[in-house]
Amino acid sequence: MTLQRPIGRAGSRAIQRALGVQAALEWAFRIEQAQLELPLPADITEEGFGFGLEYVLLQRAVLGCKIDGGQHKIGGYTHEDAEVIAATVAGIPDSLGGKRMAIRVAELARAGLTPDWMPGAVPRCVPSIVKQNQHGTHAGAIVVGTERIRVRGPGARATWKTIDILACPVTFSPHPQQIRAARRGYDDWWQALSWVRDGLIAGGMLREVEVTGAMPKPRPWEGSR
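Here's what I pulled together on the structure shown here. (Residues numbered from 1 in each chain as written. Predicted model: local features only at pLDDT ≥ 70, side-chain atom pairs only at ≥ 80, totals over all residues. Heavy atoms only, no water.)

### Concerning the overall build of the protein
Here is step 1 of the chain: Looking only at helices and strands, the protein features five helices and eight strands.
Here is step 2 of the chain: Taking all 225 residues of the protein together, the buried fraction comes to 32%.
Here is step 3 of the chain: Long-range pairs, those at least 24 residues apart, make up 68% of the contacts in the protein with a sequence separation of at least 6. (Helix = DSSP H or I, 4+ residues; strand = E, 2+ residues; numbered from the N terminus. Buried < 20%, exposed > 50% of the residue type's maximum accessible area, 1.4 Å probe, protein only. Contact = heavy atoms within 4.5 Å.)

Here is the structure:
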């Protein structure tokens, strides 16, 4: 989690502060409480169609290069740079997850969190059924079949007896697919942040925040082996 002190307000001396994209997102959504709005352009009706940074730039030009702050943050002004960052996040294209990813990026930033990629997770074979008694915890078993066996009875007499064949069902925990899904989710989030970073740097719309090239570590699980 990265918390930043408030950046100067309108009317004060503009001093640019350099922030990595994750820190800039946390400042915008967590500190400034910017809201994510996902409207579609007027000529677009197809559900789920993302719009790019060009649309954000156009909207700012229409507004006279000023984002209207204060309409979201209760009891205070939302910095216009935070509004620009939120608008850029809203423009994440469908190829990177579109609206769903925009919401995820904003929610994680607001909570000051990084996606859980399950560090140190190793699949282990464990029993699916666990039972407890006075002797402790032990694996449970299920009946998977029956078998007839011949046993000696009193006086060396042979008899037939039906017995249950028991087996202990097992699973892997955490499951390899669960680990892969978590790490795929982290990688998708990282790609979205890279797009937001590049858009904010190229767009040049921020006045008091300078977004640097710093990024969270890509595929951190590869370096943790």
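### What about the pattern of salt bridges?
Here is step 1 of the chain: Evaluated as defined, the whole model comprises three salt bridges.
Here is step 2 of the chain: Between Arg 197 and Asp 198 there is a salt bridge, with its nearest N and O atoms 3.0 Å apart.
Here is step 3 of the chain: For Asp 198, a relative accessible area of 39% puts it in the partly exposed group. (Salt bridge = Lys/Arg side-chain N within 4 Å of Asp/Glu carboxyl O.)

### Quick word on the environment of Ala 109
Here is step 1 of the chain: In this structure, Ala 109 sits in helix H4 (residues 98–111).
Here is step 2 of the chain: A residue is classified by how much of its surface remains accessible, and Ala 109, at 5% relative accessible area, is buried.
Here is step 3 of the chain: For the pair Ala 109 and Leu 25, spaced 84 residues apart in sequence, the C-alpha separation works out to 5.7 Å.
Here is step 4 of the chain: Ala 109 has contacts with Leu 25, Glu 26, Phe 29 and Arg 30, leaving out every residue within four places of it along the chain.

### Some points on the side chain of Arg 183
Here is step 1 of the chain: Among the structural elements, Arg 183 can be located in helix H5 (residues 176–203).
Here is step 2 of the chain: Summary of buried charges: Arg 183 has no salt-bridge partner, and the nearest side chain of opposite charge, Asp 116, is 7.9 Å away.
Here is step 3 of the chain: Once you skip the residues sitting within four places of it in the chain, Arg 183 turns out to touch Trp 117, Met 118, Pro 119, Gly 120, Ala 121 and Trp 221. (Lys, Arg positive; Asp, Glu negative; His and termini not counted.)

### A look at the nonpolar core
Here is step 1 of the chain: Counting 34 residues, the largest nonpolar core has Leu 25, Phe 29, Ile 85, Val 89, Ile 92 and Val 105 as its most contacted members.
Here is step 2 of the chain: Mapped onto this core, the elements with two or more residues apiece are helix H1 (21–31), helix H3 (80–90), H4, H5 and strand S8 (209–211). (Core = buried A, V, L, I, M, F, W, Y, C linked by side-chain atoms within 4.5 Å.)

### Structural notes on H1
Here is step 1 of the chain: With nine of 11 residues buried, H1 is to be regarded as a mostly interior element.
Here is step 2 of the chain: Turning to H1, its buried residues are Val 21, Gln 22, Ala 23, Ala 24, Leu 25, Glu 26, Trp 27, Ala 28 and Phe 29.
Here is step 3 of the chain: Where H1 is buried, its residues contact strand S1 (17–19), H3, H4, H5 and S8.
Here is step 4 of the chain: Following H1 by one or two positions, Gln 33 adopts a phi angle in the positive range, close to 55°.

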